[in-house]
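Take a look at the letters that make up each chain.
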Amino acid sequence: MTFSSVGIVGAGTMGHGIAQVCAQAGLPVTLIDVHEAALARAQQGIAASLDRLIKKGAIGPADKDAALARIRTSTSYDDLRGAPLVIEAATENLELKIRILRQLDGLLAPAAIIATNTSSISITQLAAVTARAERVVGMHFFNPVPVMALVEIIRGLQTSDATHDAVRELALKLGKTPITVKNAPGFVVNRILVPMINEAFFVLAEGLASPEDIDAGMKLGCNHPIGPLALADMIGLDVCLAVMNVFFAEFNDSKYRPCPLLKEMVAAGRLGRKTGRGVYTYA
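Note that this is a predicted model, so its numbers are computed, not measured. (Residues numbered from 1 in each chain as written. Predicted model: local features only at pLDDT ≥ 70, side-chain atom pairs only at ≥ 80, totals over all residues. Heavy atoms only, no water.)

A. Focus on the UniProt feature "domain: 3-hydroxyacyl-CoA dehydrogenase C-terminal" (unreviewed entry) in the chain. Within the UniProt annotation, "domain: 3-hydroxyacyl-CoA dehydrogenase C-terminal" (unreviewed entry) is assigned to residues 186-282. For residues 186-282, the helix share is 62%, the strand share is 0%, and the end-to-end C-alpha distance is 28 Å. (UniProt positions renumbered as here; feature names shortened; annotations may be inferred. Helix = DSSP H or I, 4+ residues; strand = E, 2+ residues; numbered from the N terminus.)

B. Representation of the domain arrangement of the chain. The domain boundaries assigned to the chain delineate domain 1 (6-182) and domain 2 (191-274). One C-alpha centre belongs to domain 1, the other to domain 2; they are set 26 Å apart. Facing five residues of domain 1, the contacting portion of domain 2 comprises five residues. In this assembly, domain 1 packs against domain 2 so that about 450 Å² is buried in total across both faces, 65% of it on carbon and sulfur atoms. When the buried area of domain 1 at its contact with domain 2 is split by residue, Glu 92, Ser 120 and Asn 143 rank highest and sum to 69% of it. Linking domain 1 to domain 2 there are one residue pair in polar contact (both at pLDDT 80 or more). When its residues are assigned to classes, the side of domain 1 that touches domain 2 shows one nonpolar, three polar and one charged. (Domains from an automatic or database assignment. Contact = heavy atoms within 4.5 Å. Buried area = accessible area lost by both parts, 1.4 Å probe. Polar contact = N/O pair within 3.5 Å; in protein donor to acceptor, adjacent residues only side chain to side chain. Nonpolar A, V, L, I, M, F, W, Y, C, P; charged D, E, K, R; others polar.)

C. Geometry of helix 1 (residues 13-24). Here helix 1 spans 17 Å end to end across twelve residues, near enough to the 16 Å set by a 1.5 Å rise per residue. Buried residues dominate helix 1, accounting for ten of its twelve residues. Along helix 1, the positions that sit buried rather than exposed are Met 14, Gly 15, His 16, Gly 17, Ile 18, Ala 19, Gln 20, Val 21, Cys 22 and Ala 23. (Expected span 1.5 Å × (residues − 1). Buried < 20%, exposed > 50% of the residue type's maximum accessible area, 1.4 Å probe, protein only.)

D. The arrangement of the pattern of salt bridges in detail. The tally for this structure, following the rule as stated, stands at eight salt bridges. With its nearest N and O atoms 2.5 Å apart, the salt bridge here joins Glu 88 to Lys 97. Looking at Glu 88, the relative accessible area reads 0%, which means it is buried. With a shortest N-O distance of 3.9 Å, Glu 92 and Lys 97 are connected by a salt bridge. Lys 97 carries the same exposure label as Glu 92, and that label is buried. Sharing partners across several salt bridges, the network here consists of Glu 88, Glu 92 and Lys 97. (Salt bridge = Lys/Arg side-chain N within 4 Å of Asp/Glu carboxyl O.)

Okay, here's the thing in structure tokens:
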């Protein structure tokens, strides 16, 4: 199965990144958000990302214009009615995602597929709130979407082979490398990554080293391209906390308890790059 167009719900960092790579791959995109301001920021972000690719010589100005022309923005879910695939890329919040999936389920054609970009929430649980559970799948992109090669294709208990194969084929069309993952909290990458980030916050809270030295230690000692605290700022401290809360609730294991410092920083609104301040301060 090939898709003639793609709908995307959520115009934040992940949503507009997914919109960009779909448009660059030649797919018409309808990007939905409840806020006009979010859609305007998304358009600016996509244009800036494409400009960076032009400076690197990866694309030409005509490629940028063509990609932008393929992206339509709207605040109305009705504009998704004819979409054969909709990717939900809203905030990592169970109640919000359930509400969106139910709305999409009642709107889309029976054969349409719903994919969710969740980084930790159960695909089985999300699929169960729809009448098309076999056509619900996880399609987890990584930030920044235009740069990161990986897509986790997560099968819920109900996900059909045809659905899995269709979104895997799409990931390949987008130039990504898909891996197939069983449904479990955090799937594969975040199951390993986010507890490491959480432990870095414990190390910071205990005063064992400065943020700069913690990050330098992991970069130079483990050959990581970016330190865990800087990575947390890029991901969003609120997202890291949400994932740890899912782990703690689902596994009922104290090793997944969120670091109090991480919780306090989120409560203070210090969410990382998107707010200008997290572990580090950004201009």
